[in-house]
Amino acid sequence: MVPSEHKQALPGAARAPGYNRPVKVVQPPLDVLMGQAEQLQKAGRPADAARLYEAWISGNNSPARCVALFNWGVLLAAMGDLDRADAAYREAFALNPKLHQARINAGLVAERRHNEAEALKLWLDVAAAATGKDAPPDALQFATIALNHVGRLQESRRQYAAAEAALANSLRFNPAQPDAIQHWVHLRQKQCTWPVFAPMAEVSVNALLASTSPLAMLAAHDDPALQWLASSTFVRRKYPLTEGRLAAPRPRRAGPIRIGYLSGDLCTHAVGLLMAELLEAHDRSRFTVTAFDFSPEDGTAHRARLRRACDELISIRELDDRAVAQLIADRHIDVLMDLHGLSSGARPGILALRPAPLIGTYLGFIGTTSLPWIDFVVTDRFTLPDELTPYFTERPLYIDGSMIPLHSEPVTACRFTRRDVGLPDDAIVLACFNNVYKFNPELFDCWMRVLQRSEQCVLWLLDDNVWATTALREHAATAGIGPDRLVFAPRCTHAE
């Protein structure tokens with residue numbers, strides 16, 4: 001019997017005591033090997049599982065070797081050993097060119113190594129091979145996966161036209177992909193390609209609307225029913241969370257009300273730029289302010305100001321949702337304010353555990369979240385008039401004036417002249433520096449009518465990307481507005 005403290009020997013060559021001849025160890029079948037490796041992974045021993053595969057591969061030339069190489073690559077990549085993971089994947093698809101999973105994963109490794117061109121090439125090779133004449137029908141699933149990776153990476157590189165084309169091809173192979181549809185729609189918005197909801201292949205306008213993200217729908221339509229539908233559908237699809245309750249309703253403790261702000265935008269982000277003065281204005285005799293923060297450390301003076309504006313700022317970037325929720329509950333936060341809603345970076349898994357007796361949302365998303373664990377929304381009667389409240393799952397908490405906390409800092413002197421930024425000296429300048437995805441045909445038509453009525457006016461917009469700028473000039477030309485009436489500005493700092 002082997003002593004319990006000894007580790008199980010790995011497969012491979014060994015020498016029997018008293019003999020000089022090597023003894024060949026019989027390799028287990030691949031399915032047995034995979035079971036052993038899975039058990040090691042479950043036991044928190046991925047390195048041992050990887051060594052199992054490495055030993056098996058070194059002594060086995062069976063046709064199943066490509067599968068073992070693939071599984072070994074998965075383990076190596078998860079452990080951060082990208083060089084050996086890349087080599088394992090490449091040997092796997094060299095042995096079996098139809099093992100498309102290996103080429104897809106090799107692309108992911110290339111992306112992690114910042115070799116984006118190689119990643120794109122590998123994924124496009126998969127798409128071409130999986131849709132070739134001799135490709136089996138089940139290979140189409142790998143083509144769609146590869147093309148979706150192409151779309152995702154090209155979107156992150158701001159190559160919007162290439163990203164849109166990749167997702168369009170993916171949807172031709174499989175129209176039932178809500179996530180791919182969601183990104184395809186938003187890519188068209190980012191390029192001001194109108195109409196945004198143009199049917200294609202087997203994807204109907206109804207399917208496009210049903211898969212549009214809440215943020216995109218806020219920009220596309222004023223119809224509150226469509227906005228509510230987008231939010232509720234998105235929440236069901238993306239956040240199938242189990243609701244808990246870490247903080248049951250309780251009598252409030254004596255002393256100041258404890259307010260917690262949950263945000264990843266307390267930096268030089270639109271939300272963070274508006275929040276500094278609001279946080280500073282809290283009456284500290286009545287309230288304490290704790291920020292549960294996962295914002296990027298941008299090293300700016302504004303970030304430092306936001307830190308000072310809070311009684312306590314707790315970094316939660318490295319904590320999972322349950323740990324954050326427990327942290328909030330342990331601090332006996334009375335009111336938790338979420339500053340994301342359904343905007344990018346949201347962490348609704350924290351809210352679903354109900355770590356505070358009251359949970360509200362504010363500022364980051366000007367629409368209904370449809371998140372059932374959010375009790376109220378801080379708003380005003382212009383943003384959320386009474387007739388729109390049936391389309392909000394949150395109870396409105398109205399404040400006087402505007403919900404937008406416009407700050408009172410003086411505007412510093414500008415170092416630019418009109419000529420520096422391409423503006424006519426004598427024009428009336430109408431400006432909108434919003435992200436261009438927020439434009440839609442109805443809004444743009446209003447602007448064009450203003451320009452038609454007054455030849456003194458020019459429209460000053462953000463030069464976000466070449467496709468949007470070109471499209472907007474074309475839309476203006478269709479309305480009879482010359483190219484000199486639209487001026488585009490590059491991105492710059494907030495102060496500029």
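A. Region of the structure containing the overall build of the protein. When you go through the protein residue by residue, the secondary structure sums to 18 helices and twelve strands. Counting only C-alpha atoms, the protein reaches 95 × 65 × 45 Å along its principal axes. Per-residue burial over the protein gives 45% buried out of 496 residues. In the protein, the proportion of contacts linking residues at least 24 apart, taken out of those at least 6 apart, comes to 60%. For the protein, the accessible surface area stands at approximately 26,100 Å², while carbon and sulfur atoms represent 56% of it. Within the protein, one finds 52 positive and 55 negative side-chain charges whose respective centroids are separated by 6 Å.

B. Layout of the sheet that holds strand β9 (residues 395-398). Pairing is parallel in the open sheet, where seven strands are placed in the order β5-β4-β3-β6-β7-β8-β9. Each of the sheet's edge strands pairs with one partner strand only, and the pair in question is β5 (312-315) and β9. Within the sheet, the average angular offset between the axes of one strand and its neighbour, ignoring direction, is 25 degrees. With two bridges connecting them, strand β7 (residues 358-361) and strand β8 (residues 376-379) associate as parallel partners. Each residue of the ladder has a partner; that of G360, found in β8, is F376.

C. Spatial organisation of the confidence of the model for the protein. Put simply, the protein has an average pLDDT of 92, and 95% of its residues get 70 or more. The low-confidence segment residues 1-20 (pLDDT under 50) makes 15 contacts with residues lying over four places distant or belonging to another chain.

D. Structural context of the state of the cysteines. Counted under the stated rule, the structure contains zero disulfides. C267 carries a free sulfur, and the closest cysteine sulfur to it, the one in C310, is 13 Å from it. For the unlinked cysteine C492, the closest cysteine sulfur is that of C414, found at 9.1 Å.

E. Just the environment of P490, in detail. The residue P490 is located in the segment after β12 (486-489) in this model. C-alpha separation for the pair P490 and L313, spaced 177 residues apart in sequence, amounts to 34 Å. Once residues lying within four places of it in the same chain are set aside, the contact partners of P490 are L462 and D463.

F. Geometry of the sheet that holds strand β11 (residues 457-462). One open sheet accounts for three strands, arranged β10-β11-β12; its pairing is parallel. Edge positions in the sheet fall to β10 (428-432) and β12, since each of these pairs with one other strand and no more. Geometrically, the sheet is characterised by an average inter-axis angle of 25 degrees between neighbouring strands, direction not taken into account. Pairing geometry for β10 and β11, over five bridges, is parallel. Residue pairing across strands places V429 opposite V458, the latter belonging to β11. Against the sheet, helix α17 (residues 441-453) contacts β10, β11 and β12, and its axis sits at roughly 150 degrees relative to β11. Along the sheet, helix α18 (residues 466-478) contacts β11 and β12; its crossing angle with β12, the most-contacted strand, is approximately 165 degrees.

G. How the structure looks around the packing of aromatic side chains. All told, the structure shown has seven aromatic pairs when counted by the stated rule. With 5.8 Å between their ring centres and 80 degrees between their planes, F234 and Y239 make a pair best called edge-to-face. With a centroid separation of 5.0 Å and 85 degrees between ring planes, the pair formed by F439 and W447 is classed as edge-to-face. The burial state of F439 is the same as that of W447; both residues are buried. An aromatic cluster of at least three residues, connected via ring pairs, comprises W194, F439, F444 and W447. We note R347 situated over the ring of F294; from NZ or CZ to the ring centre the distance is 5.4 Å. The lysine or arginine in question, R381, covers the ring of Y398, its NZ or CZ lying 3.8 Å from the ring centre.

H. Up close: the pairing of β11. Most of β11 sits out of view: six of its six residues are buried. Chirality of the crossover, the property in question, places the unit of β10, α17 and β11 among those that are right-handed. Bridging between β11 and β12 involves four bridges; their strand directions are parallel. Bridge pairing in β12 links L461 to F488.

I. Structural view of the environment of R250. Tracing the backbone shows R250 in the loop between α12 (224-238) and β3 (257-263). Judged by its relative accessible area of 30%, R250 is partly exposed. Excluding residues within four positions of it along the chain, R250 makes contact with H332, I333, D334 and P357.

J. Just helix α14 (residues 301-309), in detail. Regarding α14, the residues found buried are H302, R303, R305, L306 and A309. The buried residues of α14 occupy an angular sector of 160 degrees when projected down its axis, which confines them to one face. Residues of α14 that are exposed and angled more than 90 degrees away from the buried face: A301 and R308. At its buried positions, α14 is contacted by α13 (270-280), β4 (287-293) and β5.

K. The pattern of salt bridges, seen in detail. Summed over all chains, the structure comprises 30 salt bridges. Note that E297 is salt-bridged to R303, the shortest N-O span being 2.8 Å. Taking the shortest distance from any N to any O, the salt bridge between R419 and D425 comes out at 3.2 Å. In this pair, the class of R419 matches that of D425, namely exposed. Put simply, D83, D86, R90, R113 and E118 are held in one network by salt bridges that share partners.

L. Summary view of a negative patch on the surface. There is a patch of like negative charges on the surface, built from D222, D223, E442 and D445. For D223, the position within the fold is in the loop between α11 (214-220) and α12. The exposure class assigned to D223 is partly exposed, which follows from its relative accessible area of 36%.

Cut-offs applied
Residues numbered from 1 in each chain as written. Predicted model: local features only at pLDDT ≥ 70, side-chain atom pairs only at ≥ 80, totals over all residues. Heavy atoms only, no water. Helix = DSSP H or I, 4+ residues; strand = E, 2+ residues; numbered from the N terminus. Buried < 20%, exposed > 50% of the residue type's maximum accessible area, 1.4 Å probe, protein only. Contact = heavy atoms within 4.5 Å. Areas by Shrake-Rupley, 256 points an atom, 1.4 Å probe, with all protein chains shown as cover. Lys, Arg positive; Asp, Glu negative; His and termini not counted. Charge placed at Lys NZ, Arg CZ, Asp CG, Glu CD. Pairing = 2+ DSSP bridges. Axes fitted to C-alpha atoms, helices over the stretch in contact; angles between N-to-C directions. pLDDT = per-residue confidence, 0-100. Disulfide = S-S within 2.5 Å. Phe/Tyr/Trp six-rings, centres within 6.5 Å; stacked < 30°, edge-to-face > 60°. Lys NZ or Arg CZ within 6 Å of the ring centre and 35° of its normal. Right-handed = clockwise from strand over helix to strand, strands pointing away. Arc of directions from axis to C-beta. Salt bridge = Lys/Arg side-chain N within 4 Å of Asp/Glu carboxyl O. Patch = residues over 30% accessible without salt bridge, like charges linked within 9 Å, V, L, I, M, F, W, Y side chains within 5 Å.

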